[in-house]
Amino acid sequence: MKAYHLNEHAGAGGLVLADVSKPEPATGEVRIRVEAASLNYRDLLILDRVGQGALNGRVPLSDGAGVVDAIGAGVLQWQVGDRVAASFFRDWVSGPFRTSYVPSALGGNTMDGVLAEYVVLPATALVSVPAHLSSIEAATLPCAGVTAWHGLITRGGMGKGDTVLVQGTGGVALFGLQFAAALGARAIVISSSDEKLARAKAMGASILINYRDTPDWDVPLMKATDGEGATHVLELGGPGTYDRSLRSVASGGKIVQIGVLTGFGPKPDLARLQWENADIIGVTVGSVEHFAAMNRFLTDQAIHPIVDRIYGFDEAPEAFTYLRTGAHFGKIVVKL
Ligand SMILES: NC(=O)c1ccc[n+]([C@@H]2O[C@H](COP(=O)([O-])OP(=O)(O)OC[C@H]3O[C@@H](n4cnc5c(N)ncnc54)[C@H](OP(=O)(O)O)[C@@H]3O)[C@@H](O)[C@H]2O)c1
């Protein structure tokens, strides 16, 4: 079978397509014929570190969906032909997060990912694909969808009457917008592009701010919310957005701390959090249990993820290049 490997000698693309043997499922494991895999901002961060030690030779990408192709002994919950998606942390099945789950993140420096024709995973690391979704759509869910779900709904309790600030129009952002729209929460979207803002409006966002034209976007945000601010802030930017996120959060509101789109750096003065009696919720994706709960919601609400562009398996390096441009609206998928 074929699989992509991260390779420091592969030039700017950082990837080589390799011939490898088809993995066999051991006891408790399942083999999946991967039909689609999706990219996340994290995959660029990983690609940029490929020369550093353990990443060399790893299969990239955490997010994939496909069909069960073979099952190992003792697997009772899956059958050949079932449509499944893999959870981001192979070992975080349910309950609270443990740091011991970190090495089980797929497509990182300790665990192969899913940009391969077949992958083998424990039966416990999988969820059923909602019947209304294609494999291409399902492949967008494991990191971006579950992160937005876990942060905004499981931990953040977002619901009708709330106001969420969504930063940008990438993967996590548009899941946040779709969940807000489905729950009857008001959505504020900030984006670098008026065209993307128009698309966000069509998806249900009601307050739209171009952060390139209006770098102090927290000012119009406060005005548009009559000085109330956002009950939920989907904090995706990091150092470049954090101060304004703090100025945008409503009294008693929640900053869902997720992203590093503007890099890694010192965090700002948190005093306003205290004066607004607001909370920070730190999120690292989510568990199999979170994934399954989100899938029930997607099914109930007939939500389809927003797929921007689909690349063929042989075009996977180009998908990474396109992700880096930031031109996408929603998710980028590789179809196998
Ligand atoms: N903690 C976790 O477990 C977790 C899980 C998933 C993702 N993340 C992080 O969350 C972030 C988003 O990930 P993703 O995969 O959804 O990214 P993505 O799809 O690549 O999103 C990129 C988009 O972010 C927007 N953006 C960039 N700079 C911005 C800024 N200064 N202010 C507002 N928006 C900005 C842009 O939208 P416009 O073009 O509309 O301007 C850009 O197109 C990343 O930092 C990622 O590492 C963390």
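Cut-offs applied
- Residues numbered from 1 in each chain as written.
- Predicted model: local features only at pLDDT ≥ 70, side-chain atom pairs only at ≥ 80, totals over all residues.
- Heavy atoms only, no water.
- Near = heavy atom within 4 Å.
- Polar contact = N/O pair within 3.5 Å; in protein donor to acceptor, adjacent residues only side chain to side chain.
- Areas by Shrake-Rupley, 256 points an atom, 1.4 Å probe, with all protein chains shown as cover.
- Helix = DSSP H or I, 4+ residues; strand = E, 2+ residues; numbered from the N terminus.
- Nonpolar A, V, L, I, M, F, W, Y, C, P; charged D, E, K, R; others polar.
- Domains from an automatic or database assignment.
- Axes fitted to C-alpha atoms, helices over the stretch in contact; angles between N-to-C directions.
- Parallel < 35°, antiparallel > 145°, perpendicular 65-115°, else oblique.
- Left-handed = near helix turned anticlockwise from the far one by under 90°.
- Contact = heavy atoms within 4.5 Å.
- Salt bridge = Lys/Arg side-chain N within 4 Å of Asp/Glu carboxyl O.
- Buried < 20%, exposed > 50% of the residue type's maximum accessible area, 1.4 Å probe, protein only.
- Buried area = accessible area lost by both parts, 1.4 Å probe.

Lining the immediate surroundings of the ligand are 28 residues, of which Thr169, Ser191, Tyr211, Val260 and Val283 lie closest. The side chain of Ser191 places a nitrogen or oxygen atom 2.6 Å from an oxygen atom of the ligand. Within the backbone of Val283, an N or O atom sits 2.7 Å from a nitrogen atom of the ligand. Coverage of the ligand by the protein chains reaches 89% of its 930 Å² of free accessible surface. Among the secondary structure elements, those contributing two or more residues to the shell around the ligand are α3 (141–155), α4 (171–183) and β9 (186–191). Tallied by class, the residues present in the shell around the ligand amount to 12 nonpolar, 15 polar and 1 charged. Here the shell around the ligand gathers at least three residues from each of two domains, domain 1 (2–140 + 305–335) and domain 2 (145–282).

Moving on, we come to the packing of α4 against helix α9 (residues 288–301). Interaxial distance between α4 and α9 falls to 11 Å at its minimum, and their mutual angle equals 55°. Considering their axes alone, α4 and α9 lie oblique with respect to each other. With respect to the hand of their crossing, α4 and α9 are arranged in left-handed fashion. Two secondary-structure elements touch here, α4 through Phe179, Ala182 and Leu183 and α9 through Met294, Phe297, Leu298 and Gln301.

Moving on, we come to the pattern of salt bridges. One pass over the structure, following the stated rule, counts 11 salt bridges. Residue Arg324 pairs with Asp48 through a salt bridge whose shortest N-O separation is 2.9 Å. With a gap of 276 residues between them, Arg324 in helix α10 (residues 316–325) and Asp48 in the loop between α1 (41–47) and β4 (63–71) connect regions that are remote in the sequence. A relative accessible area of 44% means that Arg324 is categorised as partly exposed. Look at Asp48 and you get partly exposed, because its relative accessible area is 48%. The partner of Asp91 in a salt bridge is Arg90, and the shortest N-O contact between them spans 2.8 Å.

So, on to the domain arrangement of the protein chain. As far as domains go, the protein chain holds domain 1 (2–140 + 305–335) and domain 2 (145–282). For domain 1 and domain 2, the distance between their C-alpha centroids amounts to 28 Å. Summed over both partners, the interface of domain 1 with domain 2 buries about 1,100 Å², with 69% contributed by carbon and sulfur atoms. Taken as a group, Tyr41, Ile306 and Phe329 account for 52% of the area that domain 1 buries against domain 2, more than any other trio of residues on that side. Applying the counting rule to domain 1 against domain 2 returns 0 salt bridges.

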